[in-house]
Amino acid sequence: MRAIWKGAVSFGLVSIGVKVYSATEEKDIRFHQVHREDGGRIRYKRTCSVCGEEVTYDDIAKGYDIGGGEMVILTDEDFAELPLTTSHAIDVLEFVPAEQVDPILYNKAYFLEPEGSATKPYVLLRDALADSERVAIVKVALRQREQLATLRVREGVLLLNTMLWPDEVRQPDFGFLDEDLKVRPPELAMASSLIDSMAGEFEPDAFTDDYRAALQEVIDAKVEGREVVQPEEEEAAPAAAVDLMAALKASVDRARAARGEAPEGGAGEPTPISAARSAQKAAKATKAPARKAAEKKAPAKKAPAKKAAEKKAEPAKKSAVKKTTAKKAPAKKAAEKKAAPRKTA
């Protein structure tokens, strides 16, 4: 990692030299804009809207629009006079319970590394902060802007979380907030039951970015010149009931079934989801025995028919032999009588 900022944590009269590193990184797959026909990169020129000339970075200043087509121009000299450009301190203001900081205020996270001989006071602040079970509220100047931030301990390292200022958080203004909606106790109880049936321990590694993985597969296939294998489509869940209670109960049963637990209240009346699944299982269970029975019956019919034909053929052959023998025997005796010489007196 490369340090993006150097300064010191000001903790009372103690100054702790630190280096600041980005603690997170986005894993988005980035693309360049290219010409579709030849793949050439698309370049953008910085041109002035008044004179139309191309402008270099040295000739670019910052302008603040005050409305009515008027612009206040600020140069590098104007920014150099501000105190933030030379301020390299993280000033600890107070220590507060972590649960008092609304997570919506958190912005970006940075690791702090002790610099030089500041390791011992760094470890001292880290251990004291961990024992207090509080977070430090600090002010820091990053990227030419003063920011509110917190200091807390994560895996043995001081973590700086920059925060939004309170006036940077928008207030929700939605029509339904003014409506007088009543939630029935049974509905609330069923919703609580659904939450309980889906409760678990948060394990970030159990979740993956399926879209990014699929996009990377498309890119790899393009590079290797092979066909992209489309992932199997997930089976669509049966349509939930229109009634809110029925939908909640069906959701609870589905969550329990996913965990291998029995539906709430035992067998009970089937829900739309459980009924659909039971129908699918019943159809599969019925087809399997029928197929096996058909396979067993088919060979059994052929074998007896063949044996019966063979048995019938054997007696027929024997009787034919007997008849032939019977016919030949009288004919033979008659021939012998004729051939025998007659006796004379």
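Report follows, based on the coordinates.

Reading the values: the criteria
- Residues numbered from 1 in each chain as written.
- Predicted model: local features only at pLDDT ≥ 70, side-chain atom pairs only at ≥ 80, totals over all residues.
- Heavy atoms only, no water.
- Patch = residues over 30% accessible without salt bridge, like charges linked within 9 Å, V, L, I, M, F, W, Y side chains within 5 Å.
- Areas by Shrake-Rupley, 256 points an atom, 1.4 Å probe, with all protein chains shown as cover.
- Salt bridge = Lys/Arg side-chain N within 4 Å of Asp/Glu carboxyl O.
- Helix = DSSP H or I, 4+ residues; strand = E, 2+ residues; numbered from the N terminus.
- Buried < 20%, exposed > 50% of the residue type's maximum accessible area, 1.4 Å probe, protein only.
- Contact = heavy atoms within 4.5 Å.
- Phe/Tyr/Trp six-rings, centres within 6.5 Å; stacked < 30°, edge-to-face > 60°.
- Lys NZ or Arg CZ within 6 Å of the ring centre and 35° of its normal.
- Pairing = 2+ DSSP bridges.
- Axes fitted to C-alpha atoms, helices over the stretch in contact; angles between N-to-C directions.
- Expected span 1.5 Å × (residues − 1).
- Lys, Arg positive; Asp, Glu negative; His and termini not counted.
- Charge placed at Lys NZ, Arg CZ, Asp CG, Glu CD.
- Disulfide = S-S within 2.5 Å.
- Core = buried A, V, L, I, M, F, W, Y, C linked by side-chain atoms within 4.5 Å.

## Brief notes about a nonpolar patch on the surface
Nonpolar side chains collect at one region of the surface, where Tyr64, Ile66, Val72 and Leu74 lie side by side and expose about 370 Å² of accessible area between them. Looking at the nonpolar patch, the elements that each hand over two or more residues are β3 (62–67) and β4 (70–74). With respect to the helices and strands, the residue Val72 is situated in strand β4. By relative accessible area, Val72 is classed as partly exposed at 36%.

## Overview of the side chain of Thr150
Looking at where Thr150 falls in the secondary structure, it is placed in strand β8 (residues 145–154). If sequence neighbours within four positions are ignored, Thr150 has contacts with Tyr106, Ala136, Ile137, Val138, Leu159, Leu160, Asn161 and Met163.

## Some words on the packing of aromatic side chains
Under the counting rule described, the total for this entry stands at 3 aromatic pairs. Centroid distance Phe11 to Phe95: 6.0 Å. Interplanar angle 85 degrees. Geometry classified as edge-to-face. Of this pair, Phe11 sits in strand β1 (residues 5–11) while Phe95 sits in strand β5 (residues 89–97), and the two are 84 residues apart along the sequence. Using a relative accessible area of 28% as the deciding quantity, one classes Phe11 as partly exposed. For Phe95, a relative accessible area of 33% corresponds to the partly exposed category. Ring geometry for Phe174 and Phe176: centres 6.3 Å apart, planes at 15 degrees, overall stacked. For Arg46, the ring lying beneath its charged end belongs to Tyr57, and the centroid distance is 4.0 Å.

## Overview of the sheet that holds strand β2 (residues 14–22)
The 7 strands lie next to each other as β1-β2-β6-β9-β8-β7-β5, forming a closed barrel whose pairing is mixed. Across the sheet, the axes of successive neighbouring strands diverge by a mean angle of 40 degrees, strand direction being ignored. The pairing of strand β7 (residues 134–142) with β8 spans 7 bridges and is antiparallel. Bridge pairing in β8 links Ala141 to Glu146. Here helix α2 (residues 119–132) sits on the sheet in contact with β1, β2, β5, β6 (106–114), β7, β8 and β9 (157–163), set at roughly 70 degrees to β9.

## Focus: helix α5 (residues 244–258)
For α5, built from 15 residues, the straight-helix expectation of 21 Å at 1.5 Å per residue is met to within 8% by its first-to-last C-alpha distance of 21 Å. Of all the residues in α5, the buried ones are Ala247, Leu248, Ala250, Val252, Asp253, Ala255 and Arg256. One or two positions beyond α5, positive phi appears at Gly260, with a value near 80 degrees.

## Comments concerning the environment of Arg2
With respect to the helices and strands, the residue Arg2 is situated in the segment before β1. Separated by 18 residues in sequence, Arg2 and Val20 place their C-alpha atoms 8.7 Å apart.

## Describing the pairing of β7
The two faces of a sheet get side chains in turn, since along a regular strand they alternate between them. Of all the 9 residues making up β7, 7 are buried; the element is thus mostly covered by neighbouring parts of the structure. The sheet contact formed by β5 and β7 spans 6 bridges and is antiparallel. Bridging across to β7, Val92 finds its partner in Val138. Between the antiparallel neighbours β7 and β8 lie 2 residues, among them Arg143 with a positive phi of about 55 degrees.

## Brief notes about a negative patch on the surface
Together, Asp76, Glu77, Asp78 and Glu81 line one region of the surface with negative charge. Mapped onto the secondary structure, Asp78 falls in helix α1 (residues 76–80). Classification of Asp78 as partly exposed rests on a relative accessible area of 32%.

## A few points about the state of the cysteines
Evaluated as defined, the whole model comprises 0 disulfides. As a non-bridged cysteine, Cys48 has Cys51 as the owner of its nearest cysteine sulfur, 3.7 Å distant.

## Some words on the pattern of salt bridges
Using the criterion set out here, one finds 10 salt bridges in the structure. One salt bridge in this structure joins Glu25 and Lys27, with 3.5 Å as the shortest N-O distance. Given the relative accessible area of 63%, Glu25 is considered exposed. We note a salt bridge from Glu155 to Arg154, for which the minimum N-O separation is 3.8 Å.

## Some details on the nonpolar core
One finds Val9, Ile90, Leu112, Val138, Leu151 and Leu160 to be the most contacted residues of the largest nonpolar core, which totals 21 residues. Contributing elements (two or more residues each) for this core: β1, β2, β5, β6, α2, β7, β8 and β9. No other element matches the 4 residues that β7 contributes to this core. Ignoring anything within four residues of it in the chain, the contact list for Ile90 reads Trp5, Ala8, Val9, Ser10, Val18, Leu112, Val138, Lys139, Val140 and Leu160. Core analysis: the next-biggest nonpolar cluster, separate from the first, contains 8 residues, Val101, Leu105, Ile137 and Met163 among them.

The analysis is restricted to geometry; functional conclusions fall outside its scope.
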